[in-house]
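These are the residues of each chain, in order.
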Amino acid sequence: MLELLFLLLPVAAGYGWFMGRNSVKQKDQSEKQDLSIKYSTGLNYLLSNQQDKAIDHLIEALKVENDTVEAHFALANLFRRRGELDRALKVHEHLVRHANLPNKEKQQAVFELAKDFLSAGLYDRAEKMFIKSLKSKGYECKALTYLMQIYQSTKDWQQGIALKKAIVKSKDKKLLHSLANFYCELATQALEKDDFIQVLELLESALNYDKNSCRANWLMAKIYENHQQFNEAATCYRDIYKQDRDFFQDVIDKMHFCYQQLSAEDEFFAFIKKVYEETGSTSALIKYVSFIEDTKGSIKAKEYMLMALKKRPTIRGFKHFVKMQINEVEQDAPHENLAVITELISAYLQVKPRYSCRTCGFNTSTHYWACPSCHDWEQIKPVRGLEGE
Ligand SMILES: [Zn+2]
């Protein structure tokens, strides 16, 4: 009897295999049926102009398989571009949750999901996902860029600085530039408390990560000036000229003040003359002409100004030239006409933006360290050309 039972074992195994295969077939068939129902329901919604419902059904019908992964990403990106973030999130979450997705696609899905959260303004969730992406090969630099953007928006400077090791490792110039500006933000806070040592330490770190950060030198000059260290402040202003000639125009008056305190105006004007010759800047020209006026008289100053305007005409330069004429003919009748001309030029210049962003072209009358439009650091600089410098 027992032997008979043993003889039945292969039969039982065969039956089990047969039934199992049938159940897989049945499962496949029922899944196919489900999918065809979802497709046909989706199409029905589409035909009856109910696009929202149609898209939801079609997303569900699109099964995640190796050959449909790209279609999922393309669909989700399309949703995001159209501002339909809930749908983009749904597709990317669907991919992230999928157990058998290859590692490369999974990493891509995590990164794209983080971008969805960021677009939706869900910074906490975006931050978590981007931190995950930091470990994914090929996504380190992009994830760092987005994380720095998040910390910039939330003014979480310390969190950004905590990424310094990864940023240095990335060797990305833009990221290093952002990192330097995060240090400058903390230095600005320390400057308000007049914490001399802390300001200098923070700014040295900023310059260590980005030696071209003219903002760091600008802040350093400020703290030195506050503490009557005019020689050090003057050095910072000279460094700004080496770092960024466009931005330098904004510090000419402050630099002049330092040299006045040091009783070294001749040295200052020699430097300004060099700046004018190298850049053609109107601010440097006006400053240098005031020196000629003081040392050689108004006729020589006017001659110099006229020659400079012929070489490179600017509206600000012309306004200064008219002012020089007014001073000369103060007692005579034409004075009134000239005053009207300067008023007109002033009114014209007032409506013109003084600064523009070198990255996105955003125009403004106020200077910002981070562009309000594209959020790039230190790209807002004085306008050049006829209506500017
Ligand atoms: Zn910009």
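Source: prediction; values computed, not measured. (Residues numbered from 1 in each chain as written. Predicted model: local features only at pLDDT ≥ 70, side-chain atom pairs only at ≥ 80, totals over all residues.)

Caption draft 1: Looking closely at the environment of Glu 328. Residue position: Glu 328 is located in helix α19 (residues 315–328). Separated by 29 residues in the primary sequence, Glu 328 and Ile 299 place their C-alpha atoms 9.3 Å from one another. (Helix = DSSP H or I, 4+ residues; strand = E, 2+ residues; numbered from the N terminus.)

Caption draft 2: Molecular detail of helix α12 (residues 214–226). The end-to-end C-alpha distance of α12 is 18 Å, a good match for the 18 Å that 13 residues give at a rise of 1.5 Å each. By the criterion of burial, α12 is predominantly enclosed, with 10 of the 13 residues buried. Of all the residues in α12, the buried ones are Cys 214, Arg 215, Ala 216, Asn 217, Trp 218, Leu 219, Met 220, Ala 221, Ile 223 and Tyr 224. Among the structural elements, α10 (173–192), α11 (196–209), α13 (230–243), α14 (245–248) and α15 (252–261) are those in contact with the buried residues of α12. Directly after α12, the chain includes Gln 228, whose backbone phi takes a positive value near 60°. (Expected span 1.5 Å × (residues − 1). Buried ≥ 20, exposed ≤ 12 C-beta atoms within 10 Å, placed from the backbone. Contact = placed C-beta atoms within 7 Å.)

Caption draft 3: Quick peek at the confidence of the model for the protein chain. Taken as a whole, the protein chain shows an average pLDDT of 84; of its residues, 82% reach a score of 70 or greater. Confidence drops under pLDDT 50 across residues 1–20; counting only partners more than four residues distant or on other chains, this segment forms 0 contacts. (pLDDT = per-residue confidence, 0-100.)

Caption draft 4: Representation of the sheet that holds strand β1 (residues 355–357) within the structure. Taken together, the 3 strands give an open sheet; going across it, the order is β2-β1-β3, and neighbouring strands pair in antiparallel fashion. This sheet does not close on itself; its edge strands, each paired only once, are β2 (363–364) and β3 (380–382). For β1 and β3, the ladder comprises 3 bridges, and the chain directions are antiparallel. Of the residues in β3, the one forming a bridge with Cys 357 is Ile 380. (Pairing = 2+ DSSP bridges.)

Caption draft 5: Local environment of the packing of helix α5 (residues 103–119) against helix α6 (residues 123–133). For the pair α5 and α6, the least separation of the axes is 8 Å and the interaxial angle reads 155°. Classified by the angle between their axes, α5 and α6 sit roughly antiparallel to one another. As for how α5 packs across α6, the hand of that crossing is left-handed. Of the residues in α6, those touching α5 at Gln 107, Val 110, Phe 111, Leu 113, Ala 114, Phe 117 and Leu 118 are Arg 125, Ala 126, Met 129, Phe 130, Lys 132 and Ser 133. Here the residues of the contact of α5 with α6 sort into 9 nonpolar, 2 polar and 2 charged. (Axes fitted to C-alpha atoms, helices over the stretch in contact; angles between N-to-C directions. Parallel < 35°, antiparallel > 145°, perpendicular 65-115°, else oblique. Left-handed = near helix turned anticlockwise from the far one by under 90°. Nonpolar A, V, L, I, M, F, W, Y, C, P; charged D, E, K, R; others polar.)

Caption draft 6: Up close: helix α7 (residues 140–153). Over its 14 residues, α7 runs 20 Å from end to end, which matches the ideal 20 Å to within 8%, given 1.5 Å per residue. If you check which residues of α7 are buried, you get Ala 143, Leu 144, Leu 147, Met 148 and Tyr 151. For α7, the buried positions fall inside an angular range of 135° around the axis, keeping them on one side. Next to the buried residues of α7 lie α5, α6, α8 (157–161), α9 (164–170) and α10. One or two steps after α7, the chain reaches Lys 155, where phi turns positive at roughly 55°. (Arc of directions from axis to C-beta.)

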